[in-house]
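Architecture and fold: a report
Each chain, letter by letter, is given below.
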Amino acid sequence: MTASSKNSRHHRRALLSWRLDILSCTAVIALLFCWLSDMNQLQQQSSSENESDDDSLFLSKSFLTNGFCLAPQLFDNTHFSCASFDFFCACICILAVLVGNIIVNNDHGAANKTFSMILPGNAIYFLAHSYGHYTFSTVVVNNEQQQFTSDSESTTEKIQSAIILSFILSIGPLEAASTLIKSNKLSPRHAYVMAGSMLAIQVGIYHLVLFNPSYALLYINISIILSISLPKLLFVGYTSEQDVKLRSTESSLWRTLSGLLVLVVLISEPFFCDVFFAKIGGHFLFDLTLALDVLTAVVMEGKERRSGGVDYEEEVEEKKKNNKKKKVS
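Everything numeric in this text was worked out from a predicted model, so none of it was measured. (Residues numbered from 1 in each chain as written. Predicted model: local features only at pLDDT ≥ 70, side-chain atom pairs only at ≥ 80, totals over all residues. Heavy atoms only, no water.)

**A short note on the packing of helix 5 (residues 155-169) against helix 7 (residues 188-210)**
Note the cut-off: A fitted line through C-alpha atoms represents every axis, and for helices the fit uses only the stretch in contact; the resulting angles, taken between N-to-C directions, go from 0 to 180 degrees. Segments assigned H or I by DSSP are reported as helices when at least four residues long, segments assigned E as strands when at least two residues long, and all are numbered from the N terminus. These descriptions rest on fixed angle ranges, namely under 35 degrees for roughly parallel, over 145 for roughly antiparallel, 65 to 115 for roughly perpendicular, and the rest for oblique. Crossings are classed by handedness, with left-handed meaning an anticlockwise turn of the near helix from the far one by less than a right angle and right-handed meaning a clockwise turn. Contacts: residue pairs with any heavy atoms within 4.5 Å of one another.
Remark: helix 5 packs on helix 7, axes separated minimally by 10 Å, with the N-to-C direction vectors making an angle of 135 degrees. Between helix 5 and helix 7, the interaxial angle falls into the category oblique. Considering how the two elements wind past one another, helix 5 and helix 7 form a crossing that is right-handed. Contacts from Lys 158, Ser 161, Ala 162, Leu 165, Ser 166 and Leu 169 of helix 5 reach helix 7 at Leu 199, Gln 202, Val 203, Tyr 206 and His 207.

**Re the state of the cysteines**
Our working rule: Two cysteine sulfurs form a disulfide in these notes if their separation is within 2.5 Å.
Tallied over the full model, the rule gives one disulfide. There is a disulfide in this structure between Cys 69 and Cys 273, and the S-S distance comes to 2.3 Å. With the S-S dihedral at roughly 90 degrees, the linkage between Cys 69 and Cys 273 falls on the right-handed side. Within this pair, whereas Cys 69 is found in the loop between helix 2 (61-66) and helix 3 (78-103), its partner Cys 273 is found in the loop between helix 10 (253-272) and helix 11 (283-306), the two being separated by 204 residues in sequence.

**Some thoughts on a nonpolar patch on the surface**
What counts here: Only residues whose relative accessible area exceeds 30% and that take part in no salt bridge are eligible for patches, with like-charged residues grouped when within 9 Å of each other and nonpolar side chains (Val, Leu, Ile, Met, Phe, Trp, Tyr) grouped when within 5 Å. In this description, accessible areas are obtained by the Shrake-Rupley approach with a 1.4 Å probe, and a residue is regarded as covered only by the protein chains that are shown. Salt bridges are counted wherever a side-chain nitrogen of Lys or Arg sits within 4 Å of a carboxyl oxygen of Asp or Glu.
Residues Phe 87, Phe 88, Ile 92, Ile 94, Leu 95, Leu 98, Val 99 and Leu 127 make up a contiguous nonpolar surface patch of about 720 Å² in total accessible area. Mapped onto the secondary structure, Leu 98 falls in helix 3.

**What about the environment of Leu 42?**
Among the structural elements, Leu 42 can be located in helix 1 (residues 3-48). Taking the C-alpha atoms as reference points, Leu 42 and Leu 57, separated by 15 residues in sequence, lie 8.6 Å from one another.

**Side note on the pattern of salt bridges**
Close approach of charged atoms allows side chains of opposite charge to pair. For the coordinates displayed, the defined rule picks out two salt bridges. With its nearest N and O atoms 3.8 Å apart, the salt bridge here joins Asp 21 to Lys 232. Note that Asp 21 is positioned in helix 1 and Lys 232 in helix 8 (residues 213-235), a separation of 211 residues in sequence. Note that Asp 21 and Arg 247 form a salt bridge whose closest N and O atoms lie 2.7 Å from each other. Within this pair, whereas Asp 21 is found in helix 1, its partner Arg 247 is found in helix 9 (residues 241-250), the two being separated by 226 residues in sequence.

In structure tokens, the structure reads:
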């Protein structure tokens, strides 16, 4: 593959990554607007004791009530099913780290770094995610209709929920810090101080302003997506050599597709829960796409590291072209 074709490929990757960031920011901002509009309308209906305008809601009524798209037709307890699946994913990540550290030899130290750096972080995330679903599963009553009383939580329970929320929300600020460091906008020290401040603000807003479990999922998803996509959109373009290098090395076709799948499911859950989403798995589908996204990231990162930083997709394409030339000759 010539240098010009490689540069063209990298520019296409960078442009695709930039467009995905625009799509992500636009989608979650639209979701935020619809959510706030619906919550305002529900409050007006509650005060007037008139529920005849439910059809004008943007989001599904059951999602607004429960905070998740539950699937009672498929699961006795959707949250417990999600908790079990997330705990299984955490165990797989931990097992992969242990096995990887044993079987990976010194010649593949880069691959070993994949096991030692990526998987433990995802294991912690899946454990926190699993615990969050487990706590929700304990308040599920008949036919998966949830009844929350935020004032009933003790101080210990509030501290526990704040810690779990911090683990989950930390994905966004840490990714934002990484973007600012790699784009040379902030030093590592200042970037991580910013990330810590951002995380404290996000956790504080939920516990001091919202503090309603039925708001948790949307708040988490909107906060994480904006924290990841907005800094990249503002500070990393797709034309300069540095920006192209940063975007092309962190994105591939498979990682972009997996990220797009997560975004589609994230948006579909609140909007189409009552239409069809609950019938095909509900929130369990969201957890499944997150696991697939993590798997894609780990596999692609491992292949890139094992190849010594060589662009794996370009390497595969080059092999295919060579094989075609051999067949023709």
